[in-house]
Amino acid sequence: MWRQRALLVFVLLLVQQICATSEQEHACPPSSCGKITNITYPFRLRGDPKGCGDNRYELACENNVTVLYLYSGKYHVQAINYNNFTIRVVDPGVQQPNCSSLPRHFLSPANFSEIGCSTEVNSSHLFRNRDSWERAFQHIVFLNCRHAVIDNEKYVETDPCIKWHSKGYIYAIAGDLIAKDFEVGCEVKLVAPTSWWGLDTNNSSYTQMHRALLYGFELSWINFACGEQCGYFYSDCAFDASIQKLQCPCRNFLGGQLFQLQCAKGCKNYIFTNHQ
């Protein structure tokens, strides 16, 4: 019995030390660039003092625009939501109101899968969601077809907006391109993500698709947050939207009892509740 109590005291002391370290990491004042005025942990702005933010989540300020580099591509930051651990970015190639403007970078679900790896500091594995990639955002697929597609409503004409220097017909599809919808003689030219809530994958005009591209797409750093706040209990980490907090349920080895580890925002405040 005394061993269990001693171990519990050790755990509580360790938690206090973790909280003190976390408070120091979060002590830096927020940075700002352009319309993004709340750049704080885990993000940092290039040029911030050493120890502020995480170097892997470094943003740049270019011409008064907050920039995220991802897969060697540059994206403009539109918003950072620290409540649900998401950052929304947009490809700078998409411009309003120019409907002929297109994303400069090709991003598909494969870029955010667990398969493969990247040596880039700001690579996409830092933004993989705990749920499926499709839940974070959908995508718009551009195709060049040698013939006109008549009997497939998913193929939306982009004329007169999009005119590539190639023969054929240019179409856009909102959402997934599944095998049964792929037309013979068509070639995928570009895949671009979007998190716009108004995108109807069954009935969208190209005007709506372009608006979705202008909105941009969200990336989640919840994996990083879970590792930071739940530690060894990372695999059990989940986000509770009702209270806007991470939950870290775990089975504690002290007598086989079940403890609920609740991770508060900011400092890792661990609340142990004994459940028989």
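What comes next concerns the included structure. All chains use their own residue numbering, which begins from 1 and follows the written sequence. Given that this is a predicted model, residues contribute local features only at a pLDDT of at least 70 and side-chain atom pairs are listed and counted only at 80 or more, while totals for whole chains, interfaces and linings are drawn from all residues. Neither water nor hydrogens contribute to the side-chain values; these are computed over all heavy atoms in the structure.

Mapped onto the secondary structure, Phe137 falls in the loop between helix 2 (133-136) and strand 8 (138-145). Considered as a pair, Phe137 and Trp196 are 59 residues apart in the sequence and their alpha carbons are 7.9 Å apart. We count a stretch as a helix when DSSP gives it H or I for four or more residues in a row; a strand needs E for two or more, and each element gets its number in order from the N terminus.

Once that is clear, we can look at helix 3 (residues 206-215). Residues spaced three or four apart along an α-helix point in a common direction, a consequence of the helix completing one turn every 3.6 residues. Exposure is judged per residue with a 1.4 Å probe applied to protein chains only, and the accessible area is read against the type maximum: over 50% gives exposed, under 20% gives buried, and values in between give partly exposed. Three or more residues of helix 3 are buried, namely Tyr206, Met209, His210, Ala212 and Leu213. Down the axis of helix 3, the buried side of the element spans an arc of 155°, and every buried residue falls inside it. Of the residues in helix 3, the exposed ones pointing more than 90 degrees away from the buried face are Thr207 and Arg211. Positive backbone phi, approximately 95°, marks Gly216, located one or two places after helix 3. Of all possible arcs, the one meant is that of the directions from the helix axis to the C-beta atoms.

Side-chain rings of Phe, Tyr and Trp, where Trp is taken by its six-membered ring, are said to pair if the distance between their centres is within 6.5 Å; with planes under 30 degrees apart they count as stacked, over 60 as edge-to-face, and otherwise as tilted. Inspection of every chain in the model, using the stated rule, returns 12 aromatic pairs. For the ring pair Tyr75 and Phe217, a centre distance of 5.7 Å and an interplane angle of 85° mean the geometry is edge-to-face. In this pair, Tyr75 sits in strand 6 (residues 73-81) while Phe217 sits in strand 12 (residues 217-220), placing the two residues 142 residues apart along the sequence. Each member of the pair, Tyr75 together with Phe217, is buried. When the centroid spacing of 6.1 Å and the interplanar angle of 85° are considered together, the rings of Phe85 and Trp221 count as edge-to-face. Remark: Trp221 occurs in the loop between strand 12 and helix 4 (222-230) and Phe85 occurs in the loop between strand 6 and strand 7 (86-90); sequence separation between them is 136 residues. Each member of the pair, Phe85 together with Trp221, is buried. Counting every residue linked through ring pairs, the aromatic cluster contains Tyr41, Phe43, Tyr57, Tyr82, Phe85, Trp221 and Phe224.

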